[in-house]
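Residue-level listing of the chains:
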Amino acid sequence: MPDTTPTPLFGLYEVLVSVGRVWENLTGERADAPKLSPKLVTRDGKPVTGAYGIPIQPHDAMGDADVVIVPDIWFSPTDDFGKKWAEEIAWLRERRDAGAIICSVCTGAVMLAEAGFLDGYEATTHWSMVNLFRERYSKVRLAPQRLLTPAAPGHQIVTAGGASAWEELALYLVARFSGGAEAVRMSKVFLLGDHSEGQLPFAGARPAKRHDDAIIARVQVWVADNYHRSNPVALMIAESGLPERTFIRRFRAATGYTPMEYVQTMRLEEAKHLLETTDDAVEAIAIQVGYEDSNFFRRLFKRVVGITPARYRQRFSLIAKAAGQALSLAG
């Protein structure tokens, strides 16, 4: 759109178009990863001038798409978003209803919020948008401290934080559609991170399948706020109102997870975020996400994530320290 900022737009395109194509050219090693076919699209297929006067030449007009990404955009908080983005929002709703995955980077989350996609869900955006969300989109559970937040049944909605979080979104989408190994290869090609100890943290969780089981979808919404409680599977069964065996069978058929696998995935993803963003002790984090036995939590985390919670925190704290050092030198 007009006022789209260039870095996330072109950065995402370059990474995604390279999937399944670049690694073999650079290394000679064959990599049979499913290729992606990204396109830059505008409302009518005509070029637009983006932020900073950067011309954007699209491939096509808005049309069919399996995944839509709304990148970072400049706008005035006083704009009438519903009027300004009416055609784009109508198209996003059409694509969502057709089953497409809808993503945003940085301030692009405002368009998703304006469309009503984020109501009742956790989402992230640039930290400067907190007041705007509080005033206009109070139904959104905003978590601006997060880099990446998949939400909705089947993780149909994915929001990425600040403008540079397009890197996390790119690798998440590569992992989701072309496999974790290709995500690691792309991270090495573009130097998007150090993954020498395993797969990307955000590629570790297998997304639940899309499904039409309304009862199971309701339980998924419930468990998003209650996964930390004791005996979560028993509570999920009670919430569903179904007999135990029927619930377990329907839950696995709908999501691809057993109920306990689903809970553990949510708990571990929350633990990752807490390790990244807080100084809380590992024992305290274990309790927060639902594990009274911190030793069991450590073993489970190591088995699923590939490294210990302490090592996971150490790896990500290095990024924050490097940023702090850069600011100190700049000052």
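As a starting point, this report considers the structure included with it. Throughout this description, residue numbers start from 1 for each chain and increase along the sequence as written. The predicted origin of the model limits local features to residues at a pLDDT of at least 70 and limits the giving and counting of side-chain atom pairs to 80 or more, whereas totals for whole chains, interfaces and linings rest on all residues. Heavy atoms throughout the structure, all of them, feed into the side-chain values; hydrogens and water do not.

### Things to note about the sheet that holds strand β9 (residues 148–151)
At least two bridges found by DSSP between two strands is the condition for calling them paired. Labels follow the DSSP assignment, with helices taken as runs of H or I lasting at least four residues and strands as runs of E lasting at least two, numbered in each case from the N terminus. Spatially, β5-β6-β10-β9 is the arrangement adopted by the four strands of the open sheet, whose pairing is mixed. The sheet is open, and its two edges are formed by β5 (67–70) and β9, each paired on a single side. The sheet shows a mean angle of 15° between the axes of neighbouring strands, direction not considered. Of the strand pairs in this sheet, β5 and strand β6 (residues 101–105) are connected by four bridges, and their pairing is parallel. Bridge pairing in β6 places V68 opposite I102. The contact rule is simple, with two residues in contact once any of their heavy atoms fall within 4.5 Å. Axis lines are fitted to C-alpha atoms, over the contacting stretch for helices. Their N-to-C directions set the angle, which ranges from 0 to 180 degrees. Of the strands in this sheet, β5, β6, β9 and β10 (157–160) touch helix α7 (residues 166–178), which is tilted by about 155° from β6.

### Considerations on the packing of helix α12 (residues 259–277) against helix α14 (residues 294–305)
At their nearest, the axes of α12 and α14 sit 11 Å apart, and the two run at 95° to each other. On the basis of their axis angle, the class for α12 and α14 is roughly perpendicular. Of the residues in α14, those touching α12 at Q264, L268, A271, K272 and L275 are F297, L300, F301, V304 and V305. Just so you know the grouping, Ala, Val, Leu, Ile, Met, Phe, Trp, Tyr, Cys and Pro go in nonpolar, Asp, Glu, Lys and Arg go in charged, and all remaining residues, Gly too, go in polar. Among the residues forming the contact of α12 with α14, the class breakdown is eight nonpolar, one polar and one charged. Here the word oblique covers every angle except those under 35 degrees (roughly parallel), over 145 (roughly antiparallel) and from 65 to 115 (roughly perpendicular).

### Overview of the packing of aromatic side chains
Under the pairing criterion, centres of Phe, Tyr and Trp rings, with the six-membered ring standing for Trp, must be within 6.5 Å; the plane angle then separates stacked pairs below 30 degrees from edge-to-face pairs above 60, leaving the rest tilted. One pass over the structure, following the stated rule, counts eleven aromatic pairs. Both rings, one in F301 and one in Y312, keep their centres 5.7 Å apart while their planes meet at 80°; by these two values the pair is edge-to-face. In this pair, F301 sits in helix α14 while Y312 sits in helix α15 (residues 309–330), placing the two residues eleven residues apart along the sequence. Like Y312, F301 is buried. Of the aromatic side chains, those joined through ring pairs into one cluster are Y291, F296, F297, F301 and Y312. The lysine or arginine in question, R267, covers the ring of Y291, its NZ or CZ lying 4.7 Å from the ring centre. A simple rule labels every residue: compare its accessible area, found with a 1.4 Å probe on the protein chains alone, to the largest value its type can have, and call it buried under 20%, exposed over 50%, or partly exposed in between. Charge-over-ring contacts are defined here by two conditions on Lys NZ or Arg CZ: a distance within 6 Å of the ring centre and an angle within 35 degrees of the ring normal.

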